[in-house]
Amino acid sequence: MNRYDRNFFAIIIYILPLVCFSQLHISNVVSLDALPKTSKFQIADEYAFQYIIEEGVKLTDGSYLGTKNDFAGYIPIGGSNSNGYLCVNSENNPGGVAILDIQFDPTSKYWDTTNSVAVDFSVVAGTGRNCSGGITPWNTLITSEEIVDLDDNGFGYNTLGWSIEIDPATAQVMNYSGGMPNGDKLWALGNFQHENAVVHSNQRTVYQGVDSSVGYLYKFVANQPGDLSSGDLYVYVGPKVGNGQWVQINNNTPAEQNSTLAQSAAVGGTVFAGIEDVELNPINGEIYFAVKNEDVVYKFTDDNPLGGGTTSNFNAYVGGVGTSYNITHSLGTSIVPWGKGNDNLAFDDLGNLYVQQDGGEEYIWLIGNNHTQANPLVKIIAISPLGSEPTGITFTPDFKYMFMSVQHPFSTNDVSSQLDANGDRHYFDRSVTLVLARKENLGNGSSCTNIKNYGTSAVSSGIYQANHTINSQNFVSQNSSVTMQANQLIRLDNGFEVELGGDFCAQIQPCDLSN
């Protein structure tokens, strides 16, 4: 090797590390056009998806996941992007929450579920309509009851209509001093139809709203960081454009905590037509919230997050009745109505806002951080299948993976299947929780691998394919329909089980990668 060769190789060594750090952000996609809904989950071309768990499947603790999957809350273990708990709400009555242990396999680029348990809510006299929720800065789950039950729970509190904090490591409801003996709901946050809760980085302030036609916006300030069992509760009073104020209401006794709505009306709380979700922008610290029946997302500045006081710059951020936007997609530009039903919200690390809609076309919109109504930056990144709504987005800490659910699609969507990131086929004919990511970060590019190994957890409905061999120890739950197809061998190892009412088929045949 002469000196010119050595220089050449030195250049290669210095250049390659620069390439390794060049990764496209999950928001860096081309918008979909405003396409009609179909039986499939339509997503931006840059994305792939993976089924995580569908409604009704058996968990590893022997219980079953409830129906109507909703909030999908990823809680990292030790800040990990690849190892955490996935908390799945069931928006039914009675409701429920399941905690899944999930790990990302860097070789297959697929998420594996190694354990799954249901939370025991008997310690708080049950739960219902667990809709969205939130993740606290100290890595617990808040699940929100979107229904009020005025029956006394035996300790002076209304039975339903609260937020509940859960430790994902133990899958147990948190227990605070006072209240009930073995677990408590977050009584101090008030009693009403909760949709979600977002906790400020100061670990004391919580923003939340009422998901009802007569809805109010609240701020709760805890007495101690990381302890939401006591503190001051405020309701917003003021206009929907301009400046307003927080007015304190009483929340110290069960009677006061049960009467949140009546107190809010008495002090002149501003009425919003159904507050679905409240979130904090990580870039500018402003508070954003979706109002479903006003078709708008508002934003404002809280002038003093740790007390009462005033708000400023209250205005409509995106949407509004009759609003349309120019959408640039792969085939050109279209004028698209914003539509109805602003529902769940989520921010990524760049301050982009994701808006899921329950009503109209059920789009998932992506709103750029520098968006204004005068200079809009909007994309459609997904369209939910027929009959369904998209719900409950959270991200891994590196914002490469987005967890969410598709709720209550039509059962007749089983007319056509759809390839996932692993080359398996799924039907969107039942509620399911899934993960969405850029194609280069998830799965094998929808191609058929030679060998696939499936572990001991329940396998969701679908057609699982391999070029040569499938090895499975899974169990097929009641009401699930599973087909395994391989060109040479399907091995059902010790532990494989099909429950009564489940449907299983094994076929020796080539992969089908048509979509």
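A few points on the structure.

Definitions and cut-offs
Residues numbered from 1 in each chain as written. Predicted model: local features only at pLDDT ≥ 70, side-chain atom pairs only at ≥ 80, totals over all residues. Heavy atoms only, no water. Helix = DSSP H or I, 4+ residues; strand = E, 2+ residues; numbered from the N terminus. Rg over C-alpha atoms; globule rule 2.2 N^0.38 Å. Contact = heavy atoms within 4.5 Å. Lys, Arg positive; Asp, Glu negative; His and termini not counted. Charge placed at Lys NZ, Arg CZ, Asp CG, Glu CD. Pairing = 2+ DSSP bridges. Axes fitted to C-alpha atoms, helices over the stretch in contact; angles between N-to-C directions. Disulfide = S-S within 2.5 Å. Buried < 20%, exposed > 50% of the residue type's maximum accessible area, 1.4 Å probe, protein only. Salt bridge = Lys/Arg side-chain N within 4 Å of Asp/Glu carboxyl O. Polar contact = N/O pair within 3.5 Å; in protein donor to acceptor, adjacent residues only side chain to side chain. Phe/Tyr/Trp six-rings, centres within 6.5 Å; stacked < 30°, edge-to-face > 60°.

1. Topic: the overall build of the chain
Broken down by element type, the chain carries 3 helices and 40 strands. A globule of 515 residues ought to have a C-alpha radius of gyration of about 24 Å, and the chain, at 24 Å, matches this closely. Taking the principal axes of the C-alpha coordinates as reference, the chain spans close to 75 × 60 × 50 Å. Partitioning the contacts of the chain with sequence separation of at least 6, the portion at a separation of at least 24 is 53%. Looking at charge distribution, the chain has the averaged site of its 23 positive side-chain charges lying 9 Å from that of its 52 negative ones.

2. Side note on the sheet that holds strand E29 (residues 401-407)
Strand order in the open sheet formed by 4 strands is E2-E32-E29-E28, with antiparallel pairing between adjacent strands. Each of the sheet's edge strands pairs with one partner strand only, and the pair in question is strand E2 (47-54) and strand E28 (389-395). Each strand axis lies, on average, 25° off the axis of its neighbour in the sheet, ignoring direction. Sheet topology places E28 next to E29; 5 bridges connect them, and they run antiparallel. Looking across to E29, one finds that Pro390 is bridged to Val406.

3. Describing the state of the cysteines
Taken as a whole and judged by the stated rule, the model has 1 disulfide. Sulfur-sulfur distance for the disulfide between Cys448 and Cys511 comes to 1.8 Å. Disulfide Cys448-Cys511: torsion about the S-S bond near -90°, hence left-handed. With Cys448 in the loop between strand E32 (432-438) and strand E33 (451-454) and Cys511 in the segment after strand E40 (503-508), this pair connects stretches of sequence that are 63 residues apart. Just so you know, Cys131 is unpaired, no disulfide at all, and the nearest cysteine sulfur is the one on Cys87, 15 Å from it. Judged by relative accessible area, which is 4%, Cys131 ranks as buried.

4. Points about the environment of Gly502
Turning to its location among the elements, Gly502 is positioned in the loop between strand E39 (497-498) and E40. Under the relative-accessibility criterion, Gly502 is labelled partly exposed at 24%. Between the C-alpha atoms of Gly502 and Gln478, which are 24 residues apart in sequence, the distance is 4.1 Å. The contact partners of Gly502, leaving out residues within four places of it in the chain, are Val476, Ser477, Gln478, Asn479 and Ser480.

5. Quick look at the sheet that holds strand E7 (residues 130-135)
Sheet architecture is open: 4 strands sit in the order E7-E8-E11-E12, paired in antiparallel fashion. At either end of the open sheet lies a strand with only one pairing partner, and these are E7 and strand E12 (172-173). In the sheet, strand E8 (residues 141-145) pairs with strand E11 (residues 163-167) via 4 bridges, with the strands oriented antiparallel. Across the sheet, Ser144 pairs through a bridge with Ser163, a residue of E11.

6. Quick notes on the pattern of salt bridges
Under the definition given, this model contains 14 salt bridges. Of the charged contacts, one joins Glu286 and Lys299 as a salt bridge, the two residues approaching to 3.3 Å between their closest N and O atoms. Highlighted residues: Glu286 in the loop between strand E18 (275-280) and strand E19 (287-291) and Lys299 in strand E20 (residues 296-302), separated in sequence by 13 residues. You'll find Glu286 and Lys299 in the same group, each marked buried. As a salt-bridge pair, Asp424 and Lys452 come within 2.7 Å of each other at their nearest N and O atoms. One end of the pair, Asp424, is in the loop between strand E30 (418-419) and strand E31 (425-426); the other, Lys452, is in strand E33, with 28 residues separating them in the sequence. Grouping residues by exposure puts Asp424 and Lys452 together as buried.

7. Some thoughts on the side chain of Thr394
Following the sequence through the fold, Thr394 ends up in strand E28. Thr394 gets classed as buried once you look at its relative accessible area, which sits at 11%. There is a polar contact of 2.5 Å between the side chain of Thr394 and the backbone oxygen of Ala72. Within polar-contact distance, the side chain of Thr394 engages the backbone nitrogen of Tyr74 at 3.0 Å. Discounting chain neighbours no more than four positions away, the residues touching Thr394 are Phe71, Ala72, Gly73, Tyr74, Tyr401, Met402 and Phe403.

8. Re the packing of aromatic side chains
Taken as a whole, this structure holds 38 aromatic pairs when the rule is applied. Measuring from centroid to centroid gives 5.9 Å for Tyr74 and Trp111, while their planes differ by 75°, and the two rings are edge-to-face. Linking Tyr74 in strand E3 (residues 69-76) with Trp111 in strand E6 (residues 110-118), this pair joins segments that are 37 residues apart in sequence. The pair Tyr74 / Trp111 is uniform in exposure class, with both members buried. For the pair Tyr288 and Phe347, a centre-to-centre distance of 5.0 Å together with 75° between the ring planes defines the contact as edge-to-face. Here the residue Tyr288 occupies a position in strand E19, and Phe347 occupies one in strand E24 (residues 342-347), the gap between them amounting to 59 residues. For the residue pair Tyr288 and Phe347, the accessibility class agrees, reading buried in each case. Through a chain of ring-to-ring contacts, three or more aromatic side chains come together here, namely Tyr207, Tyr236, Trp246, Phe272, Phe289, Tyr298, Phe300 and Phe314.

9. Some thoughts on the pairing of E20
Burial within E20 is extensive, with 6 of its 7 residues counted as buried. Direction of pairing for E19 relative to E20: antiparallel, over a ladder of 5 bridges. Within E20, the residue paired with Tyr288 across the bridge is Lys299. Hairpin connection from E19 to E20: 4 residues lie between these consecutive antiparallel strands, with Asp295 at a positive phi of about 55°. In the sheet, E20 pairs with strand E21 (residues 310-319) via 6 bridges, with the strands oriented antiparallel.

10. Remarks on the environment of Glu46
Mapped onto the secondary structure, Glu46 falls in the loop between strand E1 (42-43) and E2. Linking Glu46 and Lys68, residues 22 residues apart in sequence, is a C-alpha distance of 28 Å.

Nothing here speaks to function; it is geometry throughout.
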